[in-house]
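The lines below spell out each chain.
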Amino acid sequence: MTADARAASTNRLAWIAGGAAALGAVTAIAAARGLGPAALSPLQAFWLVCALAAGALAAAAWPTRWRLAGATAASIVVGSASQLVWINDGWFYQLALRAPDTTQLAVAPFIALEAAIAAVILMRATPWTRAAHILATFGPVRTAALFGLIAFTAMSWTLILNGIGPRNLAAQGLAFFALFCIHLAALAALAIAWPADAFDALRIRLSERVSLPGDIGAERQWDRRLPWACAAFTFVAAAALALLAFEAVPHVEDEIAYALQARLMAQGALFAPAPPQPVSDALSFYLFQNESGRWFPVTMPGWPAALALGLLLGPFWMINPLCAALSVLFTHGVVRKLADVGYANACAGLLALSPFALLSAGSLMPHALTLALVTGAWLALTRKELLFAILAGALMGWLFLVRPLEGVTIGGLTGFILLFLAFRDKHIWPRVFAYGAGCAAIGVLLFPFNMALTGEPLRTALSAYTEALWGPAANAFGFGPDRGPPDTWGGIDPRPGHSALEGIVNFQNTLRTMQFELFGWAAAPASMALVFAHGLWGRWSRLDALAALILAIVIVPLIFYWFNDSFYIGARYWFMALLPILWLSVRGAVDVMEKLNAALGANAAARFGAALCALTLICAPIFTAWRGITHIHEFRGYHDEYRAVAHDPDARGALVFVRARIEGDFGSALFFNDPLQLNRDRPLFLLSRGEEADAAAAASLPHSKVIVVGEGPVAP
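Only a predicted model underlies this, so the values are computations on that prediction, with no experimental measurement involved.

The rules we used
Residues numbered from 1 in each chain as written. Predicted model: local features only at pLDDT ≥ 70, side-chain atom pairs only at ≥ 80, totals over all residues. Heavy atoms only, no water. Helix = DSSP H or I, 4+ residues; strand = E, 2+ residues; numbered from the N terminus. Pairing = 2+ DSSP bridges. Salt bridge = Lys/Arg side-chain N within 4 Å of Asp/Glu carboxyl O. Buried < 20%, exposed > 50% of the residue type's maximum accessible area, 1.4 Å probe, protein only. Patch = residues over 30% accessible without salt bridge, like charges linked within 9 Å, V, L, I, M, F, W, Y side chains within 5 Å. Areas by Shrake-Rupley, 256 points an atom, 1.4 Å probe, with all protein chains shown as cover. Axes fitted to C-alpha atoms, helices over the stretch in contact; angles between N-to-C directions. Contact = heavy atoms within 4.5 Å. Disulfide = S-S within 2.5 Å. Phe/Tyr/Trp six-rings, centres within 6.5 Å; stacked < 30°, edge-to-face > 60°. pLDDT = per-residue confidence, 0-100. Polar contact = N/O pair within 3.5 Å; in protein donor to acceptor, adjacent residues only side chain to side chain. Core = buried A, V, L, I, M, F, W, Y, C linked by side-chain atoms within 4.5 Å. Expected span 1.5 Å × (residues − 1). Parallel < 35°, antiparallel > 145°, perpendicular 65-115°, else oblique. Left-handed = near helix turned anticlockwise from the far one by under 90°. Nonpolar A, V, L, I, M, F, W, Y, C, P; charged D, E, K, R; others polar.

A few words now on the environment of tryptophan 66. For tryptophan 66, the position within the fold is in the loop between α2 (42-61) and α3 (67-85). For tryptophan 66 and threonine 510, which are 444 residues apart along the polypeptide, the C-alpha to C-alpha distance reads 39 Å.

Two pairing modes exist for strands in a sheet, parallel and antiparallel, and in both the strands are linked by backbone hydrogen bonds. The antiparallel open sheet is built from three strands, whose spatial order is β3-β5-β4. Both edges of this open sheet fall to β3 (272-273) and β4 (288-291), since each of them pairs with a single strand only. Sheet topology note: the β4/strand β5 (residues 294-297) ladder contains four bridges and is antiparallel. Looking at β5, one finds that glutamine 289 is bridged to phenylalanine 296.

With that out of the way, let us pick up the pattern of salt bridges. With the rule as written, the count across this model stands at 18 salt bridges. Between glutamate 208 and arginine 209 there is a salt bridge, with the nearest N and O atoms lying 3.6 Å from each other. Ionic pairing is found between glutamate 456 and arginine 459, a salt bridge with its closest N-O pair at 3.9 Å. Glutamate 456 gets classed as partly exposed once you look at its relative accessible area, which sits at 40%. Within the structure, one salt-bridge network assembled from shared partners comprises Glu219, Arg224 and Arg336.

On to a nonpolar patch on the surface. A cluster of nonpolar residues, Leu405, Phe477, Phe479, Val556 and Phe560, forms a patch on the protein surface that exposes about 410 Å² of accessible area. Its location among the elements puts leucine 405 in helix α19 (residues 404-424).

For the rest of this paragraph, the subject is the sheet that holds strand β7 (residues 684-687). Judged by pairing direction, the sheet is parallel, and its three strands sit side by side in the order β7-β6-β8 without closing on themselves. Bordering the open sheet on either side are β7 and β8 (705-709), each of which pairs with just one other strand. Across the sheet, the mean angle from the axis of one strand to that of its neighbour is 25 degrees, orientation sign disregarded. Across five bridges, the pairing between strand β6 (residues 654-658) and β8 is parallel. The residue bridging phenylalanine 657 from the neighbouring strand is valine 708, located in β8. Taken strand by strand, helix α29 (residues 663-670) contacts β6 and β7, and its axis lies near 160 degrees from that of β7. With respect to the sheet, helix α30 (residues 691-699) is in contact with β6, β7 and β8, its orientation differing from that of β6 by roughly 160 degrees.

Now for unusual backbone geometry. Even without being a glycine, glutamate 247 presents a positive backbone phi close to 60 degrees. The topology assignment puts glutamate 247 in the loop between α10 (225-244) and α11 (253-266). The exposure class of glutamate 247 is buried, given its relative accessible area of 5%. Of note, alanine 473 is a non-glycine position whose phi angle comes to about 65 degrees, a positive value. Along the chain, alanine 473 turns up in the loop between α22 (461-470) and α23 (500-517).

Time to look at the state of the cysteines. Counted under the stated rule, the structure contains zero disulfides. Cysteine 619 provides the cysteine sulfur closest to cysteine 50, a residue in no disulfide bond, and the two sulfurs are 10 Å apart. Cysteine 181 takes part in no disulfide bond, and the closest cysteine sulfur to it belongs to cysteine 619, at a distance of 16 Å.

Applying the stated criterion to the full structure yields 36 aromatic pairs. Geometrically, the ring pair formed by tyrosine 568 and phenylalanine 635 is stacked, given 5.0 Å between the ring centres and 25 degrees between the ring planes. Here phenylalanine 635 lies in the loop between α27 (602-632) and α28 (643-646) and tyrosine 568 lies in the loop between α25 (542-555) and α26 (578-600), a separation of 67 residues in the sequence. What makes phenylalanine 635 buried here is its relative accessible area of 4%. One aromatic cluster is present, formed by Phe246, Trp470, Phe477, Tyr561, Trp562, Phe563, Phe567, Tyr568, Tyr573 and Phe635 through successive ring pairs.

The next subject is the confidence of the model for the protein. Mean pLDDT over the protein: 88, with 92% of residues reaching 70 or higher. Of the regions scoring below 50 in pLDDT, residues 5-15 engages in 15 contacts with residues more than four places distant in sequence or in other chains.

Mapped onto the elements of the fold, aspartate 674 is located in the loop between α29 and β7. Residue aspartate 674 is classed as buried on the basis of its relative accessible area of 6%. When the C-alpha positions of aspartate 674 and glycine 538 are compared, they lie 55 Å apart, and in sequence the two are 136 residues distant. Of note is the side chain of aspartate 674, whose polar atom sits 3.0 Å from the side chain of glutamine 267.

Looking now at the pairing of β5. What you see with β5 is no split at all: Arg294 and Phe296 on one side and Trp295 and Pro297 on the other are buried throughout. Relative to β5, β3 is paired through two bridges, and the arrangement is antiparallel. Its bridge partner being in β5, proline 273 is matched across the sheet by arginine 294.

A few words now on helix α16 (residues 355-362). Of all eight residues that make up α16, eight are buried, and the element is covered over most of its length. For α16, the full list of buried residues reads Pro355, Phe356, Ala357, Leu358, Leu359, Ser360, Ala361 and Gly362.

With that out of the way, let us pick up the nonpolar core. One finds Met396, Ile410, Tyr568, Leu578, Phe685 and Leu686 to be the most contacted residues of the largest nonpolar core, which totals 218 residues. Ignoring any residue separated from it by four or fewer positions in sequence, one finds tyrosine 568 in contact with Phe246, His251, Val252, Glu255, Ser363, Met365, Arg627, His631, Ile632 and Phe635.

Let us look at α19. Here α19 contains 21 residues, and its C-alpha end-to-end distance of 30 Å stays within 8% of the 30 Å for a straight helix at 1.5 Å per residue. Among the residues of α19, Glu406, Gly407, Thr409, Ile410, Gly411, Leu413, Thr414, Gly415, Leu418 and Ala422 are the ones counted as buried. Against α17 (367-381), α18 (386-402), α20 (429-443) and α25 lie the buried residues of α19.

A few words on the side chain of threonine 510. Tracing the chain through its elements places threonine 510 in helix α23. Contact partners of threonine 510, with chain neighbours within four places excluded, come to Asn564, Asp565, Ala571 and Trp574.

As a further point, take the side chain of arginine 607. Positionally, arginine 607 belongs in helix α27. Within the local environment of arginine 607, its side chain forms a polar contact with the backbone oxygen of alanine 191, the two atoms lying 2.9 Å apart. Apart from residues no more than four positions distant in its own chain, arginine 607 is found in contact with Ala191, Ile192, Ala193, Trp194, Pro195, Ala196 and Phe199.

Turning our eyes to something else, we now look at the packing of α10 against helix α14 (residues 319-338). At their nearest, the axes of α10 and α14 sit 8 Å apart, and the two run at 160 degrees to each other. In this view, α10 runs roughly antiparallel relative to α14, as classed from their interaxial angle. Considering only the axes of α10 and α14, their crossing is right-handed. Here Pro227, Trp228, Cys230, Ala231, Thr234, Phe235, Ala238 and Ala239 of α10 lie close against α14, whose contacting residues are Pro321, Leu322, Ala324, Ala325, Val328, Leu329 and His332. Classifying every residue of the contact of α10 with α14 by side-chain character gives 13 nonpolar, two polar and no charged.

Right, here's the structure in full:
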């Protein structure tokens, strides 16, 4: 093929790539805000945008040799969106099998269309003898094991504890497994549909410009730009989610506590003077303590300190998108040092696209910060200078202030590895001591913080709060009838106490959540399939073993914890395992490509890799947008409707009583309070508890005006 022909093929593909990028951007914006004709619901508008984008993608490819690939990709777009429409909004991803609505029935044919296009392409291009050869190469037992692992996570076992019958549960599992088979067939069809000459030309051009896993030789043209482009995309996407889906307000009680603790820290305080009793009753909220004349949140100090810095420098909601962008750069740097630039490019790209990472970065939870701290510490330790070892220790110490368990496990494992290396190389000993000094210098700050709030350096405010609320050891790790709250917490803790069975069920449900949210292959779901593939077919290296060790250290202790954490922004307790999971996923993709190379040749392996990239580029933005509109936006009734009141000049210095319909109403208002009430220009939001209680609260504070908002019943 001539250079002009290659350039023409690349330009045509640019149209298709541009269409995929436009799909992600338009879908995310439209879905998060529910844009569309007034007669359409936000979910219907989301599907319509996806369908229009699919049509544009197919139309752009139709006049070219990419028409079959474009049609296949378009079927995946509209098929994935249709399958997501069939998933009811909730905590456990259930398909609407028993009572589908009109919209779900209307989009069902597009799922069949995806399956039909895949079937036609596969039957024409893959004789049964070739399929049998592929199966023999991969091994029937190991292939069956992979499908068994997918089936293991096709349904949530938590539903059993919530009273879902086994027949309904089996139907859910079979339906999701069928969707997995459809998507796997579509992925194979997409790999086959690439036009031969144009695909070869594109592959050559890309290999000349960007390194792929395992590539050796000089650095390519785009290798230095790629991590920065991925980081920029992550920042923009996370910021868009923070503003559009999360509306820059909390959506769970933890986030409210973090935000108000940050406001206290920004004003140089750890607690506020307790208001008069009538007002204290109207400010009562989960994770807020009112004792000994003090009112304060009981959350750990590391994340509020970062938010306080954001409050001083600008919009605090930008801290998480910034941390997520830094995590991409740090991840690329760590993997590049430990492996090669090709693996670094792949891991950074997957992290940038991961809905799990992006949704966490759009929230006000601390997990994006923890990933930035850990990857930043690991990158610093790749340098030999003592100053970087001190910096690494300080970052791990900060992690301890954010989430003590992860600070001990991840920080301790890192220190142990350094110590192991020091016994083999005496020149590393100074870095060991420098790392330890950095950890101690920052981590020790937790003890005076505890002393200020509880009077005991080893007792956290959260421990004191949960012990008083639920009883001793209720929030501790372990099994027994005294673990967890005395009452059940609905679907996330359906039974009192905690048992080994519940721990395993929680593990399975969290793994299933990762199957959906890691890469957005939600319609399947199979995001962890590449990790499984590496376990089945991979040649394990020391780096693989280290990744598996980190993964085990993060997830195994959680079996002993009562709380099922995956209901809000995904498997957030597994967030520290994200980099090992990304690494093992890339390794699994390489393993599958090597097997395909052995069965069908290098061209088939390259086609699979390209199809896998295309699948992620298509599905990740679609899933992220869908999750934003169906789950995150106004999650549990939290909203930003009180922002206008908080900034209304007529409400300056007023007492605003909130007649709450649900908990989210008052939580949304409480977020806008100034704990110290130093700014008299801001209103003070209180929960309306009846005319008599509201009058008593108003009489106890010197506010000039009383405003009542909300349409809910008066709280008891």
